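# Fold and geometry: a report
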Amino acid sequence: MASKPHPPLMKKHSQTDLISRLKSRKILGVGGEDDDGEVHRSKISQMLGNEMKFAVREPVGLRVWILISAVGFTVMALMALVFPNQLYEVVFEEELATINISVRLYGGALLSLALIMWNGLYTAEKIVIQWTLLSEACYFAVQFLVTSITLMEIGILPNAAMLLLLSRVLFLVVTMAYYYHLGRKPKKI
């Protein structure tokens, strides 16, 4: 019995066949939009989550601001730890010998905040940056209040203290502006 020769098999290239690829992706549940409007390129990214959702759209100058803050906090902390009397004299224009321990504790607290700022500078996570900015804003607000109350109790208003108060208000406004812009939801196009 003579068998009839089979025609040569044609291999189907499903990678290049567009309809076949679309059908395969539909069966796998990949390529369509999910509830958040995101299109997943693979089942793995769909299961693990899309990294782009964690990416931060940073306002212009945010990293520079955090760098300036980190350097400023570090310098002030070191000055408070090493030269406590001189730092107090510059702000309040009076000399107190018993203030060393308080100013050094203030320097330690500033150094802790400086470490938070340095961490915020090198992170890519939005929540860490937001908490860094919020910590900085709280510090500026508390320092403004404490310095204002202290100046009212003393009854003097030195130029250095006024400059300190104005700078704290300015820094608070800038920090809160970055915090606000970082927390906004991006507009969907």
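### Remarks on the overall build of the protein chain
The number of helices and strands found in the protein chain is seven helices and zero strands. Secondary structure of the protein chain in N-to-C order comes out as α-α-α-α-α-α-α. Partitioning the contacts of the protein chain with sequence separation of at least 6, the portion at a separation of at least 24 is 63%. When the accessible surface of the protein chain is summed, it comes to about 13,900 Å², and 67% of that surface belongs to carbon and sulfur atoms.

### Observations regarding helix H7 (residues 159–183)
Over its 25 residues, H7 runs 36 Å from end to end, which matches the ideal 36 Å to within 8%, given 1.5 Å per residue. All buried positions along H7 are accounted for by Ala161, Leu164, Leu165, Ser167, Arg168, Thr175, Tyr178 and Leu182. Those residues of H7 hidden inside the fold are in contact with helix H3 (62–82), helix H4 (84–92) and helix H6 (126–154).

### A word on the confidence of the model for the protein chain
Averaged over all residues, the pLDDT of the protein chain equals 79, while 67% of them reach at least 70. Per-element averaging of pLDDT across the protein chain places helix H2 (residues 43–48) at the bottom with 56 and H3 at the top with 92.

### Describing the nonpolar core
Counting residues in each nonpolar core, the largest one holds eleven residues, listed as Ala80, Leu87, Tyr88, Val91, Phe92, Ile99, Val103, Leu151, Ala161, Leu164 and Leu165. For this core, the secondary structure elements donating two or more residues are H4 and H7. No other element matches H4, which puts four residues into this core. Those residues in contact with Ala161 that sit more than four places away from it in its chain are Val91 and Leu151.

### Quick notes on the side chain of Thr147
Tracing the sequence through the fold places Thr147 in helix H6. Every residue in contact with Thr147, bar those within four places of it in the chain, is listed here: Phe92, Leu164 and Leu165.

### A closer look at H4
When we look at burial in H4, the residues that qualify are Pro84, Leu87, Tyr88, Val91 and Phe92. For H4, the arc enclosing every buried residue in end-on projection is 105°, short of the 170-degree limit, so these residues lie on one face. Tucked inside the fold, the buried residues of H4 contact H3, helix H5 (100–122), H6 and H7.

### A closer look at the environment of Phe92
Residue placement: Phe92 occurs in helix H4. Between the C-alpha atoms of Phe92 and Ile154, which are 62 residues apart in sequence, the distance is 9.2 Å. Apart from the residues lying within four places of it in its own chain, the contact partners of Phe92 are Thr147, Thr150, Leu151, Ile154, Ile156 and Pro158.

### Concerning a nonpolar patch on the surface
A grouping of Phe144, Leu145, Ile149, Met152, Val169 and Val173 is seen on the molecular surface, where their side chains present a nonpolar patch of about 560 Å² in accessible area. Elements with a minimum of two residues in the nonpolar patch: H6 and H7. Top element by residues in the nonpolar patch is H6. It accounts for four residues. We classify Met152 as exposed; its relative accessible area is 64%.

Criteria and cut-off values
Residues numbered from 1 in each chain as written. Predicted model: local features only at pLDDT ≥ 70, side-chain atom pairs only at ≥ 80, totals over all residues. Heavy atoms only, no water. Helix = DSSP H or I, 4+ residues; strand = E, 2+ residues; numbered from the N terminus. Contact = heavy atoms within 4.5 Å. Areas by Shrake-Rupley, 256 points an atom, 1.4 Å probe, with all protein chains shown as cover. Expected span 1.5 Å × (residues − 1). Buried < 20%, exposed > 50% of the residue type's maximum accessible area, 1.4 Å probe, protein only. pLDDT = per-residue confidence, 0-100. Core = buried A, V, L, I, M, F, W, Y, C linked by side-chain atoms within 4.5 Å. Arc of directions from axis to C-beta. Patch = residues over 30% accessible without salt bridge, like charges linked within 9 Å, V, L, I, M, F, W, Y side chains within 5 Å. Salt bridge = Lys/Arg side-chain N within 4 Å of Asp/Glu carboxyl O.

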